[in-house]
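Coordinates in review
For reference, the chains in residue letters:
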Amino acid sequence: MRLLREQRGLSLAELARQAGLAKQTLSKLEQGTGNPTVDTLFSIATALGVPVTRLVAEREQVMAVQRADEVVWRQHEGYESRSLDHVYGSGVIENYLVRVASDPRGTRKPSEPHPVGTLEHLYVISGRVRVGPVDSPVELSAGDFVRYPGDRPHIYESLDGGESLIHIVVSVPRVQPGTGGTNLARTHGGDPE
């Protein structure tokens, strides 16, 4: 509930007002100490603009790695395909090709966090890279894939001493109209054109 509330830029008091519930009730639920009724869950879901199942389903682990030698390519008539990942819901979906240089002096600053709930889906086209959250990056080679939270400081570093090429899909959750705001300007390329 806290993640959904923060994605929409809502304070606890504002969510309580929109749901018609006491702020203390919501505070207990966010702390994991409350025991909501079905009506309470429906009120919160309606205020957040999500189905009730989003409130009661366990949040999936957001870091997932696919190694190039462990994936399955599906055969089709005239081509093969490999599924990288699925993006659910709506919001802003951005695609980038990124050239990453090595940082032998270690002076490059991490990328700033994107809005709450943002995920980065990254595929290595060429080279070897170290990417992901600053506190838990992974090393990948051409053909590897990773999904990680983009709402934390994160890094992109080439490990080959030269330049690596990566494809990044950034999924920024939709903010419900009238529920506060998160600026959805492009995350890696400046303002939308």
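For the structure, check the block above.
Since we're looking at a predicted model, the values are computed, not measured.

Attention now goes to the pattern of salt bridges. Following the criterion strictly, the structure yields 9 salt bridges and no others. Between Glu-30 and Arg-2 there is a salt bridge, with its nearest N and O atoms 3.3 Å apart. Of this pair, Glu-30 sits in helix H3 (residues 23–31) while Arg-2 sits in helix H1 (residues 2–7), and the two are 28 residues apart along the sequence. The exposure class assigned to Glu-30 is buried, which follows from its relative accessible area of 14%. Accessibility expressed as a relative area gives 37% for Arg-2, which makes it partly exposed. The partner of Arg-130 in a salt bridge is Glu-157, and the shortest N-O contact between them spans 3.2 Å. Of this pair, Arg-130 sits in strand S6 (residues 128–133) while Glu-157 is found in strand S9 (residues 154–158), placing the two residues 27 residues apart along the sequence. Here Arg-130 falls in the partly exposed class, since its relative accessible area comes to 25%. A single network of salt bridges, built from pairs that share partners, joins Arg-2, Arg-5 and Glu-30.

On to the pairing of strand S8 (residues 145–149), then. Here S8 lies mainly inside the structure; 5 of its 5 residues are buried. The two faces of S8 match: Phe-145, Arg-147 and Pro-149 on one face and Val-146 and Tyr-148 on the other face are all buried. Summarising the sheet, strand S1 (residues 64–66) and S8 pair through 3 bridges and their orientation is antiparallel. Bridge pairing in S8 links Val-65 to Val-146.

Strand order across the open sheet formed by 5 strands is S1-S8-S5-S10-S4, with antiparallel pairing between neighbours. This sheet does not close on itself; its edge strands, each paired only once, are S1 and strand S4 (91–101). Pairs of neighbouring strands in the sheet enclose a mean axial angle of 20 degrees, with direction left out of account.

Parameters and conventions
Residues numbered from 1 in each chain as written. Predicted model: local features only at pLDDT ≥ 70, side-chain atom pairs only at ≥ 80, totals over all residues. Heavy atoms only, no water. Salt bridge = Lys/Arg side-chain N within 4 Å of Asp/Glu carboxyl O. Helix = DSSP H or I, 4+ residues; strand = E, 2+ residues; numbered from the N terminus. Buried < 20%, exposed > 50% of the residue type's maximum accessible area, 1.4 Å probe, protein only. Pairing = 2+ DSSP bridges. Axes fitted to C-alpha atoms, helices over the stretch in contact; angles between N-to-C directions.

This is a description of form; function is not addressed.
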